[in-house]
Each structure stands twice: as structure tokens, then as C-alpha cells.
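Breakdown of the fold
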Amino acid sequence: MWLGGHVMRALPREQVLLFPVGSVFPDAVRFDASWKRTGDSEPSGGVSLSFGKAPPLQIAQHAKLPDGDYVVTSNITEISPFAEPTLGPSAGHERVETSIERRVTLSGGETRIELSAGGF
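As a starting point, this report considers the structure included with it. Note that the coordinates shown come from a computational prediction; the quantities given were computed from them, not determined experimentally.

1. A word on the sheet that holds strand β1 (residues 13-19)
Pairing is mixed across the open sheet formed by three strands, whose spatial order is β4-β1-β7. Bordering the open sheet on either side are β4 (59-65) and β7 (109-112), each of which pairs with just one other strand. Sheet twist, expressed as the mean angle between neighbouring strand axes with direction ignored, is 30°. Pairing of β1 with β7, which is carried by four bridges, proceeds in the parallel orientation. When the sheet's bridge partners are listed, Val16 is paired in β7 with Glu110.

Encoded structure:
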């Protein structure tokens with residue numbers, strides 16, 4: 001019985017990673033995330049999205065992954081609403097980059113990845 005349970009946990013299953021991008025970063029123009037099992041050196045998946053207008057309040061990313069502990073790294077690029085426009089050929093507002101790393105345990109179904117300061 002123990003062996004059967006261990007094998008079942010090692011099989012990939014539907015996981016849904018929920019990222020509250022627009023509700024935390026309403027000025028986001030780009031969102032990148034990757035995830036890897038704790039102890040792995042390479043990501044086992046990821047997503048990259050660009051926004052021409054306000055980002056969605058929440059992004060649901062579906063992945064087939066075994067249950068277990070993962071490190072999720074998110075990078076958000078925003079246009080600072082308070083910055084002065086820069087001068088030059090690529091004139092625009094200052095871009096602000098935020099990188100967030102969270103440890104999560106996936107066990108099938110939905111897992112919310114906190115993006116706010118102090119989240120865990």
C-alpha cells in the first residue's frame with residue numbers, strides 16, 4: 001500500500017497555479033514565472049505574458065506536475081506611474097522590475113502564489 005501511494009504522488013497531475021497579477025500590480029506590462037521542484041537546478045515549466053493594457057486581476061496557469069514542494073519565481077515589470085518620461089529614442093516611462101520567490105506545496109487542484117510583500 002505504501003509503495004502504491006508513493007508512485008501515485010510521483011505521477012504528473014493537473015495543477016493550477018494562480019497568480020494575482022493585476023490585483024497586486026495594476027501597472028504591470030510583463031509577467032514571467034517559472035517553477036521547479038525543490039532541489040532541482042532547472043525549471044520544470046514557466047509562463048511569459050505581455051500586457052498592452054491593464055493585466056488581468058488573476059492569471060491561472062495550468063501545468064502537469066507531480067505533487068510536492070516547488071520554488072516559484074515570478075518577475076513583474078511595471079511602468080512606474082510616478083516616474084518622469086525618459087528622453088531619447090526609446091522615450092517612455094521608467095520600468096520597475098520586481099522579483100518574488102515563493103516556496104509552495106502542490107497537491108493537485110489550485111494553488112495561489114502570493115505576490116504581495118510579506119506573502120508566504
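2. Quick notes on the pattern of salt bridges
Inspection of the entire model under this criterion finds three salt bridges. A salt bridge links Asp67 to Arg13, with the shortest nitrogen-to-oxygen separation between them at 2.8 Å. Residue Asp67 is found in the loop between β4 and β5 (68-79), and its partner Arg13 is found in strand β1; the two are separated by 54 residues along the sequence.

3. A short note on the side chain of Thr77
Along the polypeptide, Thr77 turns up in strand β5. In this structure the side chain of Thr77 is engaged in a polar contact, spanning 3.1 Å, whose partner is the side chain of Glu97. Contacts of Thr77, omitting those with residues within four sequence positions, involve Asp27, Ala28, Val29, Arg30, Arg95, Val96 and Glu97.

Calculation criteria
- Numbering of residues starts from 1 in every chain and runs along the sequence as written.
- In view of the model being predicted, local features appear only for residues whose pLDDT reaches at least 70, and side-chain atom pairs are presented and counted only at 80 or more, with totals across whole chains, interfaces and linings using the full set of residues.
- Hydrogens and water molecules were not included; the side-chain quantities draw on all heavy atoms of the structure.
- Two strands are said to pair when DSSP picks up at least two bridges between them.
- Strands here are runs of E lasting at least two residues and helices are runs of H or I lasting at least four, both read from the DSSP assignment and numbered beginning at the N terminus.
- Orientation is described by lines fitted to C-alpha atoms, with helices fitted over the stretch in contact, and by angles between N-to-C directions that extend from 0 to 180 degrees.
- In what follows, salt bridge is the name for a side-chain nitrogen of Lys or Arg lying within 4 Å of a carboxyl oxygen of Asp or Glu.
- Under the rule applied, a polar contact is a pair of N or O atoms within 3.5 Å (in protein, one hydrogen donor and one hydrogen acceptor; residues adjacent in sequence only if both atoms are side-chain atoms).
- Contact between two residues is taken to exist if any of their heavy atoms lie within 4.5 Å; hydrogens are not considered.

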